[in-house]
Amino acid sequence: MNDSKRPAIAGMGKNLAFQTIILIAERIARSLRARDHLFKVGFVVQYHACAFLCFRQRPPTLTSAPQEMLMSNTKSKPNATLVIGAGELGMAMLRALNERRGSTGDQSLTVLLRPLPAGEATGSQKDLAEKLWKIGVEIVRADLVTETKEGLAAIFADFGTVICCTGFVGGPGTQRKITEAVLEARVERYVPWQFGVDYDIVGRGSGQEVFDEQSDVRDMLRAQTRTHWIIVSTGMFTSFLFEPSFGLVDLVEGRVHALGNWKNRLTVTIPEDIGRLTSAILAQEPRIDDAVVFVSGDTLSYEQLADTVERFLGRPVERVLWSMAELRSEVARHPDDGMRKYHLAFARDTGVAWDKERTFNFAQGIPVTDVPTWLEKRECPPSPATSTAAA
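Bear in mind the structure is a predicted one, so any value in this text is a computation, not a measurement. (Residues numbered from 1 in each chain as written. Predicted model: local features only at pLDDT ≥ 70, side-chain atom pairs only at ≥ 80, totals over all residues. Heavy atoms only, no water.)

**A look at the overall build of the protein**
Reasoning step 1: Scanning the protein from N- to C-terminus turns up 15 helices and 18 strands.
Reasoning step 2: Out of the 391 residues in the protein, the part that is buried amounts to 48%.
Reasoning step 3: Once local pairs closer than 6 in sequence are excluded, the contacts in the protein between residues at least 24 apart make up 77%.
Reasoning step 4: Within the structure as shown, the protein displays about 18,800 Å² of accessible surface, and the carbon and sulfur contribution to it stands at 52%. (Helix = DSSP H or I, 4+ residues; strand = E, 2+ residues; numbered from the N terminus. Buried < 20%, exposed > 50% of the residue type's maximum accessible area, 1.4 Å probe, protein only. Contact = heavy atoms within 4.5 Å. Areas by Shrake-Rupley, 256 points an atom, 1.4 Å probe, with all protein chains shown as cover.)

And the structure:
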């Protein structure tokens, strides 16, 4: 009906907006988990205790992502897996789990993403939803920062396995809150965001506050027995070694920095291998539970890293040592600089590297990508002298 004929509804104080609505019983509405970007739920006690589900765009049955629907929190999903986040690691994890799902017949695979803003989704958001839909991944939405622990627990309770693939972007306390919600939901198996260093050895006070929170998460998991957990220690992402903002390797200028000592080592692994190895660890028989599992794409010293970069570039590189005194001084002068804190945290001879021979992938004979192989897939930048001459 149009505005001239639409009557006011007692108890609401205003007319209904001209949009698609569904009227259902309140007890049913409260058992539904709403996808915020598709509809909103409003309870109107004065109007026969019904709930109005007002779709912001089109009803879900008409969307291009049919997996992103209403999900009842009473639905039992003991064999279902939830991956938190669809970034570089999250997507790699989803692909690996989906490949294994094809051979094992696991029931479902779901990813938790941030709610979409009101209005039309962006092109990148639509593309992501389309990618997920094509591999049969369902979507549930929640904001890890603003959602309560209880709200997250209500989501997690639908899943037998939860894998956290979102790191420190949520800010301090996010990983603790996620873990608390997992435990409150009595999730059967949990893989926390510990895809990094050996926090048992690094401990607290490393100079990087987020490392302290990772130790807190381990304490929380070990203090209980209801939820089984697996920590997958991967070392640094291989690409982070060459991230310009990290400042460790400059391929253009031909420069490699060492943190603390040229003999100090790093373990690195690419996200695709982390996804494959985590999937294999979860499927391992006899089953692995309540354990720290080490994997490694490569383990090398800063000296070996410089040698590897030289072979890749085909020319000598400048080698610069950042001593412990320099690193501490830099952090003291720039206490809010996260990268400088990472430099200090990784400038150590224990906890950030382990022998490849003691890893899960080595024991299982699973091939992985080492640093030379990773570099081979990149275009070698010209030397500065060559670039100047060409100009």
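There's more to say after this.
**Points about the confidence of the model for the protein**
Reasoning step 1: When pLDDT is averaged along the protein, the result is 83, and 75% of the positions lie at 70 or above.
Reasoning step 2: Note on residues 11-17: pLDDT under 50 across the span, and eleven contacts to partners over four residues away in sequence or across chains.
Reasoning step 3: Predicted confidence is poor over residues 69-76, with pLDDT under 50, and the contacts of this stretch with residues over four places away or in other chains come to 21 contacts. (pLDDT = per-residue confidence, 0-100.)

**Quick word on helix α7 (residues 209-222)**
Reasoning step 1: The end-to-end C-alpha separation of α7 is 21 Å, in line with the 20 Å expected for 14 residues at 1.5 Å each.
Reasoning step 2: The set of residues buried in α7 consists of Val210, Phe211, Glu213, Gln214, Ser215, Val217, Arg218, Met220 and Leu221.
Reasoning step 3: In this structure, the buried residues of α7 make contact with α5 (174-184), β10 (189-191), α6 (199-202), β11 (228-233), β16 (291-294) and α12 (338-346). (Expected span 1.5 Å × (residues − 1).)

**Observations concerning the sheet that holds strand β12 (residues 236-237)**
Reasoning step 1: Overall, mixed pairing links the three strands, which are arranged β12-β15-β17 in an open sheet. The open sheet terminates on both sides in strands that have one partner only, identified here as β12 and β17 (298-301).
Reasoning step 2: By the bridge criterion, two bridges tie β12 to strand β15 (residues 265-269) in an arrangement that is parallel. Note on β15: the bridge partner recorded for Met236 is Val268. (Pairing = 2+ DSSP bridges.)

**What about the pattern of salt bridges?**
Reasoning step 1: This structure, assessed with the given rule, holds 21 salt bridges.
Reasoning step 2: With a closest N to O distance of 2.9 Å, Arg176 and Asp216 form a salt bridge. Separated by 40 residues along the polypeptide, Arg176 in helix α5 and Asp216 in helix α7 bring together distant segments of the chain.
Reasoning step 3: Taking the shortest distance from any N to any O, the salt bridge between Arg287 and Asp289 comes out at 2.5 Å.
Reasoning step 4: Judged by its relative accessible area of 38%, Arg287 falls in the partly exposed class.
Reasoning step 5: The exposure class assigned to Asp289 is partly exposed, which follows from its relative accessible area of 24%. (Salt bridge = Lys/Arg side-chain N within 4 Å of Asp/Glu carboxyl O.)

**Here's the deal with the pairing of strand β7 (residues 109-113)**
Reasoning step 1: Across the five residues that make up β7, a large majority, five, are buried.
Reasoning step 2: Burial along β7 is two-sided: the face carrying Leu109, Val111 and Leu113 and the face carrying Thr110 and Leu112 are both buried.
Reasoning step 3: Note that strand β6 (residues 81-84) and β7 share four bridges and pair parallel. Along β7, the bridge assignment pairs Ile84 with Leu112.

**What to know about the sheet that holds strand β8 (residues 138-141)**
Reasoning step 1: If you walk across this open sheet you meet the seven strands as β8-β7-β6-β9-β10-β11-β16, and the pairing is parallel. Each of the sheet's edge strands pairs with one partner strand only, and the pair in question is β8 and β16. Adjacent strand axes in the sheet meet at a mean angle of 20 degrees, parallel and antiparallel pairs treated alike.
Reasoning step 2: Its contacts with the sheet put α7 on β10, β11 and β16, and the angle it makes with β11 is roughly 150 degrees. (Axes fitted to C-alpha atoms, helices over the stretch in contact; angles between N-to-C directions.)

**Some remarks on the packing of helix α11 (residues 324-333) against α12**
Reasoning step 1: Remark: α11 packs on α12, axes separated minimally by 9 Å, with the N-to-C direction vectors making an angle of 150 degrees. With respect to α12, the element α11 is oriented roughly antiparallel. In terms of crossing hand, the pair formed by α11 and α12 is left-handed. Contact residues: α11 offers Met324, Leu327, Arg328, Glu330 and Val331, while α12 offers Arg340, Lys341, His343 and Leu344.
Reasoning step 2: The residue inventory of the contact of α11 with α12, partitioned by class, reads four nonpolar, one polar and four charged. (Parallel < 35°, antiparallel > 145°, perpendicular 65-115°, else oblique. Left-handed = near helix turned anticlockwise from the far one by under 90°. Nonpolar A, V, L, I, M, F, W, Y, C, P; charged D, E, K, R; others polar.)

**Description of the environment of Lys263**
Reasoning step 1: With respect to the helices and strands, Lys263 occurs in the loop between β14 (255-259) and β15.
Reasoning step 2: The exposure class of Lys263 is exposed, given its relative accessible area of 57%.
Reasoning step 3: On a C-alpha basis, the gap between Lys263 and Tyr302 in space is 6.3 Å, while along the polypeptide they are 39 residues apart.
Reasoning step 4: Excluding residues that lie within four positions of it along the chain, Lys263 makes contacts with Ser301 and Glu303.
Reasoning step 5: Only 3.0 Å separates the side chain of Lys263 from the side chain of Glu303, close enough to count as a polar contact. (Polar contact = N/O pair within 3.5 Å; in protein donor to acceptor, adjacent residues only side chain to side chain.)

**Re the packing of α7 against α12**
Reasoning step 1: At a minimum axis separation of 9 Å, α7 and α12 run at an interaxial angle of 60 degrees. Taken together, the axes of α7 and α12 lie oblique to each other. Side by side, α7 and α12 meet where Glu209, Val210 and Phe211 of the first sit next to Lys341, Tyr342, Ala345 and Phe346 of the second.
Reasoning step 2: A per-class count over the contact of α7 with α12 returns five nonpolar, no polar and two charged.

**Structural notes on the packing of aromatic side chains**
The way to describe two aromatic rings as a pair is by their centre distance and the angle between their planes.
Reasoning step 1: Counted according to the given criterion, the structure contains ten aromatic pairs.
Reasoning step 2: Summarising the aromatic geometry, the rings of Tyr199 and Phe211 are spaced 5.3 Å apart at their centres and angled 80 degrees between planes, so their arrangement reads as edge-to-face. Taken together, the residues Tyr199 in helix α6 and Phe211 in helix α7 connect sequence positions twelve residues apart. Across the pair, exposure class does not vary: Tyr199 and Phe211 are buried alike.
Reasoning step 3: Here the aromatic rings of Phe294 and Trp354 are separated by 4.9 Å at their centres, their planes lie at 65 degrees, and the arrangement is edge-to-face. (Phe/Tyr/Trp six-rings, centres within 6.5 Å; stacked < 30°, edge-to-face > 60°.)

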